[in-house]
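Working through the structure, step by step
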Amino acid sequence: MLSSLRSPVARAARPLARSAAVRTVTTTQIGGYEVFDHSYDAVVIGAGGAGLRAAAGLVGHGLKTACITKVFPTRSHTVAAQGGIN
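A brief look at the structure comes next. (Residues numbered from 1 in each chain as written. Predicted model: local features only at pLDDT ≥ 70, side-chain atom pairs only at ≥ 80, totals over all residues. Heavy atoms only, no water.)

The subject of this paragraph is the layout of surface pockets. The space that makes up the largest pocket amounts to roughly 180 Å³. Forming the boundary of the largest pocket are Gly46, Ala47, Gly48, Ile68, Thr69, Lys70, Val71, Arg75, Ser76, His77 and Thr78. Looking at the lining of the largest pocket, its residues break down into three nonpolar, six polar and two charged. (1 Å grid on protein atoms, 1.4 Å probe; cavity = no way out; pocket = protein on both sides within 12 Å on 5 of 7 lines; lining within 4 Å. Points joined across faces, edges and corners; volume = space filled by probe spheres on them. Nonpolar A, V, L, I, M, F, W, Y, C, P; charged D, E, K, R; others polar.)

Below you can see the structure in the form of structure tokens.
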């Protein structure tokens, strides 16, 4: 499985380096707060094993992807299971 992941990940690194300069973040003032507006092609909710794999696959296909989680990825349910996954 790792050999199948290396190719898309290696390909994903090249487009990101070229398109990073094109990405812009706009800001607006709402009340007394500065709000940063981002745009993505895909948003993945959850950074467990499946969420991170989905995000890596989307990036591998050249999509601008955000991965959002409420906890740090090492505290995800996949990691917390510790042997509960067969």
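Further notes follow.
Among the secondary structure elements, Thr65 is positioned in strand 4 (residues 65-68). At 3.1 Å, the side chain of Thr65 forms a polar contact with the backbone oxygen of Leu63. Residues in contact with Thr65, not counting those within four places in the same chain, are Tyr40, Ala42, Val44, Ala55, Leu58 and Val59. (Helix = DSSP H or I, 4+ residues; strand = E, 2+ residues; numbered from the N terminus. Polar contact = N/O pair within 3.5 Å; in protein donor to acceptor, adjacent residues only side chain to side chain. Contact = heavy atoms within 4.5 Å.)

Relative to the helices and strands, Ala66 is located in strand 4. The class of Ala66 is buried, set by a relative accessible area of 10%. When near neighbours in sequence (up to four residues on either side) are disregarded, Ala66 contacts Tyr40, Ala42, Val43 and Val44. (Buried < 20%, exposed > 50% of the residue type's maximum accessible area, 1.4 Å probe, protein only.)

Read these as geometric descriptors, not functional statements.
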